[in-house]
Amino acid sequence: GADNDLYINQAIVFIEDAIQYRSINHRVDSKSLWLYRWYYSRTCQWILSLTITVILALAFVEKPSSLTITSDVRYRLPAWNPPCGLMESIELLCFLVFLVDVSVKSYLIGWEEFWKNKWLVAYILTLIVSLADWVVSLSFFCTENVRIRRILRPFFLLQNSSMMKKTLKSINSTLPEMASVVLLLAVHLSLFTMFAMLLFARTKDGQQDKEWVGYFRNLPDSLTSLLVLLTTANNPDVMIPAYSQNRAYSLFFILFTVLGNLFLMNLLTAIIYNQFRGYLLKSVQSSLFRRRLGIRAAFEVLSSLKETPANAQQSYVSVGALLQVLQKVEMDSRCKQAIMRSLKMCSCDQLSAAQFQKLFEELDKDAIKQHPPSPEYQSRFMQKMQFAFGHPYFGYLGNVVALANIISICVVLVMDADKQPSERDDFFLGAINCFFILYYLLEMLLKILAMGLKRYLSYPSNRFDGLLTVILLVLEIATFAVYGFPHPGWRPEFMGLLSLWDMVRLVNMLIVFRFLRIIPNMKFMALVVTTLLDLVKNLRAFAGILVV
C-alpha cells in the first residue's frame, strides 16, 4: 500500500514535470516529492517572482536615484534619501529568500547534479559576493562609493527563467558564426576610414577644410564618423561640407552606405537569424523530449502498481490508476477534461505505453475557444430583434458611426487649431460627443440583448468596446455634473480635477482609441495584429534579457 502511494505521487510529479517541460532528474522519495511540489506551487513561485521584482526595484529609490515626477531641475523636489539600514534590510530579506531557493533546488537535484549545473553554482557565488558586499556596506554605514552587489542583481531574474537561459545560450552559440561577417564589417570600415583621411586631408586653403575639421581630423574622429554613418544616424550631415565643395564627393559616401548598410548589415542579420533559428529549434526539441520523457516515466511507475498482471509480457497501466493520478495533477482544466473524455470513450481497462503517450498529446494542442450559446427567446418580436442586432451588418453600422465620430472630431480640431483657449467654443464638440456616446451605449445594450451577456463578453473585441463605452459614459456624466449640459458659448471656468477642455480631450482620445474596434472586421489587418501580438508573447525572453 505504501509503495502504491509512492508510485502514484511519483506519477503525479512526472506528469507535472512534463506539463512544465521540467527535467525528471530529481529526488523521488516521499518527502522530496512533497517538497518538490511545494517548491513549484504557484504560491512559492509567486513569492520568488515578487522577491526578484523588489530587489530590482530598489534601484528606483536607492541613492543616487533621481526618480521624481518632473525632470526639470527648477521644479524638481530633492529625491528621497532612505536612511541607512532600510534598503539593506529589504535587501537582506530578498537574499534570505534566494538562499532558501538555491538550497531547495540543490537538495532536490542532488549534489552530484548540482556541481554539473553551472547556473546553480553561479547562483551561489552571486549570493556569496552579494552578502559579503552587503556586510561591507553596513560596516561603512552606507557611505562606500562602490557597491558590487547592485550590478549582480539582474542575475537573479536571468537564472529564474528557463526560456531566458535558453535564449542566452542560443545567442552565445550564434556568436562564432557572426565573427566572419563582423570581421568583414571591420575591414570595410577600416578601408573607408583610410580612404576618407586621404580624400579629405588638410589643405592650404582653410575654407576648403570644413569636412576635415568637422569629421575627419584624425583617425578616431574618422572612424567614429563612418561608424555612425553605418547606422545612417549622421546622414547626410557628414557629407554636406564636401558635397558643397564638389558634388562628386557624394559618391564616396553613397558607396560606403550601399556596401555597409545594404549588403553587409543585412548579411549579418540573415546569418544571425539562420543560426539562432537552428539553435532555438534544438532547444524547443529538447523541451518536447523532456515532456515525452516525463510522460513515459509516469507510465513506468504506474505500471509497477500491484494492479498490473504479473505475467504480462508488455507493461500496462490501469485506467483507474490514471484517473486517480489525474484527479491530483495540477494542469489546465481543458486538457484534463479532454484526457478524461478519451478515457471514458476507451473500452479497455488497461493502457499500453503508446496509448498512454497518445492520451497526453492533448498537452501539445492549442485550445479552441468555444463561445457560449445565444439566448433563445419565445417571442416572435424578440427573435426578430435578436436576428437584426446579432447580424454582422449591425456591427458594420457601428463601425461607420465610429468613423463618422472620428471625422467630426478631426473637423472640429482643424477649425479650432489656431484659436486661443478663450476663443474656443466647446458646444459643438460636446454635443456631438454626447450623441455618439449615447449611440455607443445603445449599441452595446442591443448586442447584449441579442447575444446574451456571457456570449457578448466571450469576444475580446466586445470587451474592449464595452469597457471604453462605460468609461466614456462615466466621463460624460461627470462632465455634465460639473459643467452642466452643452450650450452655445459653453466655456465655463476650471472646476474640479480637470478643466472642461481637458475632459473633452480625454473623451476624444478614448473615442479615437475605440475606433480600433474595426480591426477584427478586416481580415488582413486582423491577421497582422494577431501576428504582432503573438510576436510580443514570444519575445518575452528577449525582453527579459534586454531588462537584464
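Looking at an unreviewed UniProt entry, the protein chain carries the name Two pore channel protein 2, with the source organism given as Pterocles gutturalis. In UniProt, the protein chain has this text filed under Sequence similarities (unreviewed entry): "Belongs to the calcium channel alpha-1 subunit (TC 1.A.1.11) family. Two pore calcium channel subfamily."

Once that is clear, we can look at the overall build of the protein chain. Secondary structure summary: the protein chain contains 24 helices and 2 strands in total. By the compact-globule yardstick of 24 Å for 548 residues, the protein chain is too spread out, its C-alpha radius of gyration being 33 Å. Its C-alpha atoms give the protein chain principal-axis dimensions of roughly 100 × 80 × 55 Å. Looking at the 548 residues of the protein chain, the share that counts as buried comes to 36%.

The tally for this structure, following the rule as stated, stands at 1 disulfide. Paired through a disulfide, Cys 84 and Cys 142 show a sulfur-sulfur distance of 2.1 Å. Disulfide Cys 84-Cys 142: the torsion about the S-S bond is 65 degrees, which places it as right-handed. Taken together, the residues span a long stretch of sequence, with Cys 84 in the loop between α3 (42-57) and α4 (86-109) and Cys 142 in the loop between α6 (118-139) and α7 (148-152) at a distance of 58 residues. Here Cys 84 falls in the partly exposed class, since its relative accessible area comes to 43%.

Each packed pair of helices is defined by two parameters, the angle between the axes and the distance between the axes. Close contact between helix α18 (residues 392-415) and helix α19 (residues 427-451) brings their axes to 11 Å; oriented N to C, the two are set at 165 degrees. By the criterion of interaxial angle, the relationship of α18 to α19 is roughly antiparallel. Crossing angle aside, the handedness with which α18 passes α19 is left-handed. Contacts from Phe 394, Gly 395, Leu 397, Gly 398, Val 401, Ala 402, Ala 404, Asn 405, Ser 408, Ile 409 and Val 412 of α18 reach α19 at Phe 428, Leu 429, Ile 432, Asn 433, Phe 436, Tyr 439, Tyr 440, Glu 443, Leu 446 and Lys 447.

Of all hydrophobic cores here, the largest spans 32 residues; its most connected members are Leu 302, Phe 356 and Phe 360. Breaking this core down by element, the ones donating at least two residues are α1 (2-19), α13 (250-302), α14 (319-328), α15 (333-345) and α16 (353-359). It is α1 that provides the largest number of residues to this core, a total of 7 residues. Non-local contacts of Phe 360, meaning those with residues more than four positions away in its chain, are made with Ile 15, Ile 295, Leu 322, Leu 326 and Ile 339.

There is a patch of nonpolar side chains on the surface, built from Phe 60, Val 61, Leu 67, Trp 80 and Leu 86 and spanning about 520 Å² of accessible area. A relative accessible area of 32% places Val 61 in the partly exposed class.

A few words on the pattern of salt bridges. All told, the structure shown has 17 salt bridges when counted by the stated rule. Between Lys 116 and Glu 113 there is a salt bridge, with the nearest N and O atoms lying 3.6 Å from each other. With Lys 116 and Glu 113 both in helix α5 (residues 111-116) and 3 residues apart, this pair spans about one turn of that helix. We classify Glu 113 as partly exposed; its relative accessible area is 27%. Residues Arg 334 and Asp 332 are paired through a salt bridge, measuring 3.6 Å at the closest nitrogen-oxygen approach. Given a relative accessible area of 26%, Arg 334 falls into the partly exposed group. On the basis of relative accessible area, Asp 332 is assigned to the partly exposed category, the value being 44%. Through salt bridges that share partners, Glu 62, Glu 88, Glu 91, Asp 133, Arg 149, Arg 150 and Arg 153 make up one connected network.

Within the sequence span of helix α2 (residues 30-39), burial applies to Ser 32, Leu 33, Leu 35, Tyr 36 and Tyr 39. Looking straight down α2, one finds that the buried residues subtend no more than 165 degrees of arc, so they occupy a single side. Residues of α2 that are exposed and angled more than 90 degrees away from the buried face: Lys 31 and Trp 34.

Here the focus is the environment of Asp 209. With respect to the helices and strands, the residue Asp 209 is situated in the loop between α9 (162-199) and α10 (210-214). Overall, Asp 209 belongs to the buried group, its relative accessible area being 5%. Between the alpha carbons of Asp 209 and Leu 158 there is a distance of 51 Å; along the sequence they are 51 residues apart. Every residue in contact with Asp 209, bar those within four places of it in the chain, is listed here: Ala 201, Arg 202 and Thr 203.

Parameters and conventions
Residues numbered from 1 in each chain as written. Predicted model: local features only at pLDDT ≥ 70, side-chain atom pairs only at ≥ 80, totals over all residues. Heavy atoms only, no water. UniProt positions renumbered as here; feature names shortened; annotations may be inferred. Helix = DSSP H or I, 4+ residues; strand = E, 2+ residues; numbered from the N terminus. Rg over C-alpha atoms; globule rule 2.2 N^0.38 Å. Buried < 20%, exposed > 50% of the residue type's maximum accessible area, 1.4 Å probe, protein only. Disulfide = S-S within 2.5 Å. Axes fitted to C-alpha atoms, helices over the stretch in contact; angles between N-to-C directions. Parallel < 35°, antiparallel > 145°, perpendicular 65-115°, else oblique. Left-handed = near helix turned anticlockwise from the far one by under 90°. Contact = heavy atoms within 4.5 Å. Core = buried A, V, L, I, M, F, W, Y, C linked by side-chain atoms within 4.5 Å. Patch = residues over 30% accessible without salt bridge, like charges linked within 9 Å, V, L, I, M, F, W, Y side chains within 5 Å. Areas by Shrake-Rupley, 256 points an atom, 1.4 Å probe, with all protein chains shown as cover. Salt bridge = Lys/Arg side-chain N within 4 Å of Asp/Glu carboxyl O. Arc of directions from axis to C-beta.

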